[in-house]
Amino acid sequence: MNWRTHVVAGANTVWLIPASTESILHYGPVLMGVAAFFALLPDIEAQHAKIHSIRIAGARVFDNTIVRGVVNHRGPVHSLLAIAIVGGLTAWLCRAYALPYELAWAATLGYASHPIIDGLNFPGVQYLYPYKRRLHLVPKFMRFRVNSFPDELLFVAGIFGILAYGYTFIIR
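Figured I'd write up the structure that's included with this text. (Residues numbered from 1 in each chain as written. Predicted model: local features only at pLDDT ≥ 70, side-chain atom pairs only at ≥ 80, totals over all residues. Heavy atoms only, no water.)

1. Describing the overall build of the chain
Scanning the chain for helices and strands turns up 5 helices and 2 strands. Put simply, the chain runs from its N terminus to its C terminus through helices and strands in the order α-α-β-β-α-α-α. In the chain, which comprises 172 residues, the share counted as buried stands at 43%. Accessible surface for the chain amounts to roughly 9,700 Å². Of this, 69% is attributable to carbon and sulfur atoms. (Helix = DSSP H or I, 4+ residues; strand = E, 2+ residues; numbered from the N terminus. Buried < 20%, exposed > 50% of the residue type's maximum accessible area, 1.4 Å probe, protein only. Areas by Shrake-Rupley, 256 points an atom, 1.4 Å probe, with all protein chains shown as cover.)

As C-alpha cells, then:
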C-alpha cells in the first residue's frame with residue numbers, strides 16, 4: 001500500500017479501541033494521530049518510505065541506515081512479534097508515565113494495521129518471523145499492487161471512516 005492508505009487505515013483503528021466515553025472526548029483526535037503515525041513505522045526498513053521524510057527542526061527523526069541491509073522489507077518489523085513488542089512497550093510507557101491506556105491501544109492497533117493491509121499485496125509479509133516464508137491474507141486472485149485502483153479505494157474508504165469518527169466525536 002502507499003503511505004496515504006497506511007495512514008488512513010491506521011487512523012481508523014481508533015474505532016476498535018475499548019475506551020470510555022470520557023477518554024474519547026478528551027483524547028479522540030490524539031488517539032487518531034497516534035494510530036496514524038504508528039501505521040507508518042513498520043516501513044522504517046524501506047529505503048524510500050514516507051517515515052524517513054519526517055523532520056523536526058530540519059533534522060530527520062527516523063533514519064534507516066541502522067536497519068538497511070540488516071532486515072528485509074516486510075520482514076521482522078512487519079511480524080506478529082514486532083506488533084507484540086510495540087504493544088508491550090507502549091503499554092509499559094503508558095503505565096510508567098501514567099498516560100491513558102488508550103494511547104497504547106492506538107499505537108499498537110495503528111502499527112498492526114500496516115502489516116495487515118500489506119498482506120493484501122502480491123509480495124506478502126513475514127508474519128511469523130523468524131520463519132522466512134511470506135504469507136498473504138487473501139487468495140492470489142484478490143491480491144493487488146501498490147498504487148492500484150483497490151489501493152485508492154481503501155484510501156477513500158479510510159477517509160470516510162475518519163470523517164465518520166470526527167462526526168461522532170463532535171456530536172458527543
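2. Structural notes on a nonpolar patch on the surface
Together, W92, L93, Y97 and L99 make up an exposed nonpolar region whose accessible area comes to about 460 Å². With respect to the secondary-structure elements, W92 resides in helix 3 (residues 80–96). (Patch = residues over 30% accessible without salt bridge, like charges linked within 9 Å, V, L, I, M, F, W, Y side chains within 5 Å. Salt bridge = Lys/Arg side-chain N within 4 Å of Asp/Glu carboxyl O.)

3. What to know about the nonpolar core
The biggest cluster of nonpolar side chains holds 13 residues, and the ones touching the most others in it are V14, I17, L31, M32 and A106. Listing elements by their share of this core, those giving two or more residues are helix 2 (21–40) and helix 4 (101–118). Apart from the residues lying within four places of it in its own chain, the contact partners of A106 are T13, I17, L31, V34 and A35. By size, the runner-up hydrophobic cluster in this structure holds 8 residues, among which are F38, V86, A107 and A112. (Core = buried A, V, L, I, M, F, W, Y, C linked by side-chain atoms within 4.5 Å. Contact = heavy atoms within 4.5 Å.)

4. As for the side chain of T108
Topologically, T108 is positioned in helix 4. A distance of 2.8 Å separates a polar side-chain atom of T108 from the backbone oxygen of A104. Beyond its immediate stretch of four places on either side in the chain, T108 contacts I83, V86, G87 and T90. (Polar contact = N/O pair within 3.5 Å; in protein donor to acceptor, adjacent residues only side chain to side chain.)

5. Some thoughts on the packing of aromatic side chains
Going through the model one piece at a time under the given rule, you end up with 2 aromatic pairs. Between W15 and Y165, the aromatic rings sit 5.5 Å apart at their centres with planes inclined by 80 degrees, giving edge-to-face as the arrangement. Here W15, found in the loop between helix 1 (3–12) and helix 2, pairs with Y165, found in helix 5 (residues 149–171); they are 150 residues apart in sequence, far enough to count as distant. Taking relative accessible area as the criterion, W15 reaches 43% and is therefore assigned partly exposed. (Phe/Tyr/Trp six-rings, centres within 6.5 Å; stacked < 30°, edge-to-face > 60°.)

6. Observations regarding the side chain of T90
Here T90 is to be found in helix 3. A polar side-chain atom of T90 sits 3.2 Å from the main-chain carbonyl oxygen of G87.

7. Section: the packing of helix 1 against helix 4
Remark: helix 1 packs on helix 4, axes separated minimally by 8 Å, with the N-to-C direction vectors making an angle of 130 degrees. Comparing the axis directions of helix 1 and helix 4 gives the class oblique. Seen from above, helix 1 lies across helix 4 with right-handed handedness. Residue-level inspection shows T5, H6, A9 and G10 of helix 1 in contact with helix 4, the latter providing G110, S113, H114, I117 and D118. (Axes fitted to C-alpha atoms, helices over the stretch in contact; angles between N-to-C directions. Parallel < 35°, antiparallel > 145°, perpendicular 65-115°, else oblique. Left-handed = near helix turned anticlockwise from the far one by under 90°.)

8. Examining the packing of helix 3 against helix 4
Interaxial distance between helix 3 and helix 4 falls to 8 Å at its minimum, and their mutual angle equals 165 degrees. Considering their axes alone, helix 3 and helix 4 lie roughly antiparallel with respect to each other. Here helix 3 runs over helix 4; the crossing is right-handed. Residues A82, I83, V86, G87, T90, A91 and C94 of helix 3 pack against L103, A104, A107, T108, Y111, A112 and P115 of helix 4. Split into classes, the residues belonging to the contact of helix 3 with helix 4 amount to 11 nonpolar, 3 polar and no charged. (Nonpolar A, V, L, I, M, F, W, Y, C, P; charged D, E, K, R; others polar.)

9. A few points about unusual backbone geometry
Trans peptide bonds make up the majority, and among non-glycine residues the majority have a negative phi. At the junction of Y129 and P130, the peptide bond is cis and its omega measures out at 20 degrees in the coordinates. With respect to the helices, strands and loops of the structure, P130 is situated in the loop between helix 4 and helix 5. Of note in the backbone geometry, A98 takes a positive phi value of approximately 55 degrees without being a glycine. Structurally, the position occupied by A98 is in the loop between helix 3 and helix 4. Taking the relative accessible area as the measure of exposure, A98 reaches 70% and is therefore exposed.

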